[in-house]
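Residue-level listing of the chains:
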Amino acid sequence: MTPILLDSRSLANELKNNLKARIIGLQKTKNITPGLAVIRIGDDLASKSYVASKCRQCQEVGINSKEYYFPSITSMESILKLIYQLNTTYIVHGILLQLPLPMHLDAFKLIQAIDPLKDVDGLHPQNLGTLSLGQPTVIPCTPKGCLALLKSHKENIKGLHVVIVGRSILVGRPLAMLLLKEDCSVTVLHSKSQNVPAITKTADILIAAVGQPKFIQKEWVQPGAIVLDVGINHIQGRDGQIKIVGDVDFENVSQVASAITPVPGGIGPMTVVSLLENTVEAAVKQISLK
Ligand SMILES: NC(=O)c1ccc[n+]([C@@H]2O[C@H](COP(=O)([O-])OP(=O)(O)OC[C@H]3O[C@@H](n4cnc5c(N)ncnc54)[C@H](OP(=O)(O)O)[C@@H]3O)[C@@H](O)[C@H]2O)c1
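A quick note: this is a predicted structure, and the numbers were derived from the prediction, not measured. (Residues numbered from 1 in each chain as written. Predicted model: local features only at pLDDT ≥ 70, side-chain atom pairs only at ≥ 80, totals over all residues. Heavy atoms only, no water.)

K.L.:
Quick question: what am I supposed to make of the sheet that holds strand 1 (residues 4-5) here?
P.N.:
Hydrogen bonds along the backbone pair up the strands of a sheet, which may run parallel or antiparallel. Strand order across the open sheet formed by six strands is 1-11-8-7-5-6, with parallel pairing between neighbours. Both edges of this open sheet fall to strand 1 and strand 6 (185-189), since each of them pairs with a single strand only. Two elements, strand 8 (residues 226-229) and strand 11 (residues 259-260), share two bridges in a ladder whose sense is parallel. Bridged to I226 within strand 11 is A259. Across the sheet, helix 6 (residues 141-153) touches strand 1, strand 7 (205-208), strand 8 and strand 11, and the angle it forms with strand 8 is around 150 degrees. (Pairing = 2+ DSSP bridges. Helix = DSSP H or I, 4+ residues; strand = E, 2+ residues; numbered from the N terminus. Contact = heavy atoms within 4.5 Å. Axes fitted to C-alpha atoms, helices over the stretch in contact; angles between N-to-C directions.)

K.L.:
Can you walk me through the packing of helix 6 against helix 10 (residues 267-288) in this structure?
P.N.:
When two helices pack together, their arrangement is given by the angle between the helix axes and by the axis-to-axis distance. Following both chains from N to C, one finds helix 6 and helix 10 inclined at 115 degrees, their axes separated by 7 Å at the closest point. Our classification of the angle between helix 6 and helix 10 gives roughly perpendicular. The handedness of the crossing between helix 6 and helix 10 comes out as right-handed. Judged by residue contacts, C141, T142, K144, G145, C146, A148 and L149 of helix 6 engage I267, M270, T271, S274, L275, E277 and N278 from helix 10. Here the contact of helix 6 with helix 10 is built from residues that sort into seven nonpolar, five polar and two charged. (Parallel < 35°, antiparallel > 145°, perpendicular 65-115°, else oblique. Left-handed = near helix turned anticlockwise from the far one by under 90°. Nonpolar A, V, L, I, M, F, W, Y, C, P; charged D, E, K, R; others polar.)

K.L.:
I tried to follow the pattern of salt bridges on my own but got confused; where do I start?
P.N.:
If the charged atoms of two oppositely charged side chains come close together, the side chains can form a pair. By the definition in use, this model includes eight salt bridges. Put simply, E281 and R22 hold a salt bridge, and the shortest N to O gap is 2.9 Å. Here the residue E281 occupies a position in helix 10, and R22 occupies one in helix 1 (residues 9-30), the gap between them amounting to 259 residues. By relative accessible area, E281 is classed as partly exposed at 37%. The shortest N-O distance in the salt bridge between E182 and K151 comes to 2.7 Å. Of this pair, E182 sits in the loop between helix 7 (172-181) and strand 6 while K151 sits in helix 6, and the two are 31 residues apart along the sequence. Ionic contacts of the salt-bridge type, sharing partners, join the residues K16, R56 and E60 into one network. (Salt bridge = Lys/Arg side-chain N within 4 Å of Asp/Glu carboxyl O. Buried < 20%, exposed > 50% of the residue type's maximum accessible area, 1.4 Å probe, protein only.)

K.L.:
I would appreciate a short explanation of the site of the ligand in the present structure.
P.N.:
Close to the ligand lie 22 residues, the nearest being R167, S168, S191, V230 and T271. Between the ligand and V230 there is a distance of 3.2 Å, counted from a nitrogen atom to a backbone nitrogen or oxygen. I232 places a polar main-chain atom, nitrogen or oxygen, 3.0 Å from an oxygen atom of the ligand. Of the residues forming the shell around the ligand, the biggest block, three residues, is contributed by helix 10. (Near = heavy atom within 4 Å. Polar contact = N/O pair within 3.5 Å; in protein donor to acceptor, adjacent residues only side chain to side chain.)

K.L.:
I would appreciate a short explanation of the side chain of K16 in the present structure.
P.N.:
Position of K16 among the secondary structure elements: in helix 1. A polar contact of 2.8 Å, which involves the side chain of K16, links it to the side chain of Q57. Once residues within four sequence positions are removed from consideration, K16 is found in contact with Q57, E60, V61, V273 and L276.

As structure tokens, this is what we get:
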């Protein structure tokens, strides 16, 4: 079976063009340009490149963005001070705390300090709680991107069995809530789960968010399943070069899946577009409350 490749780049470009037009409209009718503040702490190379890419894509669509960098030894107090300041800065509509953080920092406490209206990552307990209740709210970027890409391939996913491998706050948990809202039957697996291959094999839609290169094997996948690979892992190739691979053994799983996302070029671009969309939505919401 040759699977459909769920390459998201053209969908991401289409969504970005829609956003560009929407932002021009906001500037004309409301005299407002959406603004995003990105806080990056420490010298994680992947985070540095993700933030650069997010800011570059903000610029492409017309969102004002600014990166606030702190060295890894920074105290909680300094970051909290900045967050409180950004919460009251009227030209900033979205605040993104780039994860992961250095070990000594409490991500939960910092996210909790962000004004829920400016929480464009959708990770504030108020927003995650609202999502769990199945009510409209800001959707975390990667889950939002996964759903948009999935639905661009298969509109009706009601009643399908989705197995998500990974239960992180960033991906697995909110994705489970989002897919429950879409009337899917959802199973979430994690590092203590037993019989992982037997359970993944029952999935109509299998989503891997594990953080382990090529974790999902061909034998674990039901023939005809749709496979979304959220993983981004940097490994050394046979030629000694560092390359990016997902959490799915793409080459072999492609032999049984009906559709599969590539890495890179699958979920990654959708995550960034979702961030841009959430920033524009946040700006619109904040204007309407004035
Ligand atoms: N494409 C994108 O835009 C994007 C966005 C975010 C993340 N990512 C990538 O997605 C991957 C996951 O990210 P994350 O933030 O969710 O990672 P994370 O916080 O490390 O969570 C990993 C999850 O996988 C589970 N897990 C680990 N080993 C397992 C095993 N042997 N069997 C079953 N489950 C296992 C963990 O279980 P426990 O809870 O029991 O520890 C945890 O729930 C990473 O590669 C990350 O770089 C990509």
